[in-house]
Amino acid sequence: MSSSTIYELIGYLASILIVISLAMSSVIRLRVVNLVGAVVFSIYGVLIGSLPVLLTNLVITGLDIFYLYRELSTRDEGAIGRGADALREVCHARDIAIVLTDHKLLAQAHGLDGVHFTDGARQVRKARADLGQDAIVGAYCGASRHEGLVAGENGADYVSFGPVGATSLGDGTTAESELFRWWSEMIEVPVVAEGGLTEALVRALAPMTDFFSIGDEIWSAEDPVDALTRLAAARS
C-alpha cells in the first residue's frame, strides 16, 4: 500500500469521526469524539504538508479541550451533593419532585426522586433496574424519534426532545413541532420540550407537549421570575 493511499485513509477516518461526533446527543461525547477527529486531522495535515488543515484542526483541538475541561471541572461531587441536599429540602417541602442530570448514583445517595439522562436511551434500562419502579427516569433524545421510542421501551417515564428553538450548538438540528404532534398522538410516554424556548414556541407546542424544561431561558434573563412568569402564561 502506497504512502498516498495511507494518507487518504487517515483523512477519511478523521472525516468519519467528525461526522459521528455531530450526530451525538451528549455534548461531552460529541466533544470527545470531535477531539479525536481533530487530532487525526492534524496528523493528516502534517502528512500531506497542508498548513491550513493543520492550523484549523489544532484550533479545534484546543477548543474541544477547553470546553471539556470547563464541563468536567464543574462536576465536583461534593458541590453537587450539597446542592442536591439543599434543593431536596426545598422541593420536597412543597411536594415537588427533583431529579439530577446524569448522576444516577448521586441521585440515589442523596434521596432524590430520579435521574435525567442527556445521552438518550443508553442508560435508561439499567437505571430503571437499579433505581426501581418508583424512581423517575427521563431521557433527552435530541430530535431523534427513534431514540425516544427506544427510551420509552426501556422504561423512561418521559422523553425530552430539543432544542426546539434556533441554536448554534451541535449541528444546529432542532426538534420540529411535527415530532411533538406525532408523539402526542401515537405514544403514551409523556413528552417534554426544551432548549431555546420562547413565548411563541411555548404557545405553539403547548397543545402537543406534556411539559416544558426551562433553564437558560430564565437563568440568563435579567429578571428570572418575570421570564418564568411570561413563559408560564404562554402555556395557558
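As a reminder, the structure under discussion sits directly above these lines.
Residues numbered from 1 in each chain as written. Predicted model: local features only at pLDDT ≥ 70, side-chain atom pairs only at ≥ 80, totals over all residues. Heavy atoms only, no water.

Our next topic: the packing of aromatic side chains. Evaluated as defined, the whole model comprises four aromatic pairs. Their ring planes at 85° and their centres at 6.0 Å tell us that Phe161 and Phe180 sit as a pair that is edge-to-face. Here Phe180 lies in helix H8 (residues 177-186) and Phe161 lies in strand E4 (residues 158-161), a separation of 19 residues in the sequence. A network of ring pairs unites the aromatic residues Phe161, Phe180, Trp182 and Trp183 as a single cluster. Over the face of the ring belonging to Trp182 we find Arg145, whose NZ or CZ atom lies 4.1 Å from the ring centre. (Phe/Tyr/Trp six-rings, centres within 6.5 Å; stacked < 30°, edge-to-face > 60°. Helix = DSSP H or I, 4+ residues; strand = E, 2+ residues; numbered from the N terminus. Lys NZ or Arg CZ within 6 Å of the ring centre and 35° of its normal.)

To continue, consider the side chain of Asn154. You can see Asn154 is positioned in the loop between helix H7 (145-153) and E4. A relative accessible area of 14% means that Asn154 is categorised as buried. Beyond its immediate sequence surroundings of up to four residues, Asn154 is in contact with Ala121, Val124, Arg125 and Arg128. (Buried < 20%, exposed > 50% of the residue type's maximum accessible area, 1.4 Å probe, protein only. Contact = heavy atoms within 4.5 Å.)

Looking now at the sheet that holds strand E6 (residues 211-213). With parallel pairing, the six strands of this open sheet are ordered in space as E1-E2-E3-E4-E5-E6. Every interior strand has two partners, whereas the edge strands, strand E1 (99-101) and E6, have only one. Here the strands of the sheet are splayed against their neighbours by 25° on average, with no regard to which way each runs. The sheet contact formed by E1 and strand E2 (residues 114-117) spans three bridges and is parallel. When the sheet's bridge partners are listed, Leu100 is paired in E2 with Val115. Together, E2 and strand E3 (136-140) form the strand contacts of helix H6 (residues 124-131), whose direction differs from that of E3 by roughly 170°. (Pairing = 2+ DSSP bridges. Axes fitted to C-alpha atoms, helices over the stretch in contact; angles between N-to-C directions.)

A grouping of Met1, Ile6, Leu9, Tyr12, Ile16 and Ile20 is seen on the molecular surface, where their side chains present a nonpolar patch of about 640 Å² in accessible area. Relative to the elements of secondary structure, Ile20 occurs in helix H1 (residues 3-22). (Patch = residues over 30% accessible without salt bridge, like charges linked within 9 Å, V, L, I, M, F, W, Y side chains within 5 Å. Areas by Shrake-Rupley, 256 points an atom, 1.4 Å probe, with all protein chains shown as cover. Salt bridge = Lys/Arg side-chain N within 4 Å of Asp/Glu carboxyl O.)

Core analysis: the largest hydrophobic core is formed by 32 residues, its most contacted members being Ala151, Phe161 and Phe180. Of all elements in the fold, only E2, H6, E3, E4, H8, strand E5 (191-194), helix H9 (199-205) and helix H11 (224-235) reach the threshold of two or more residues within this core. Beyond its immediate chain neighbours, meaning those up to four positions away, Ala151 contacts Ala121, Val124, Ala139, Cys141, Ala156 and Val159. Formed by eight residues, the second largest nonpolar core is a distinct cluster that contains Ile80, Cys91, Leu106 and Leu112. (Core = buried A, V, L, I, M, F, W, Y, C linked by side-chain atoms within 4.5 Å.)

Before going further, it helps to examine the pairing of E4. Burial along E4 is two-sided: the face carrying Tyr158 and Ser160 and the face carrying Val159 and Phe161 are both buried. You can see the chain leave E3, run along H7 and come back into E4, and the turn it takes is right-handed. One ladder, built from three bridges, connects E4 with E5; its direction is parallel. Within E5, the residue paired with Val159 across the bridge is Val191. (Right-handed = clockwise from strand over helix to strand, strands pointing away.)

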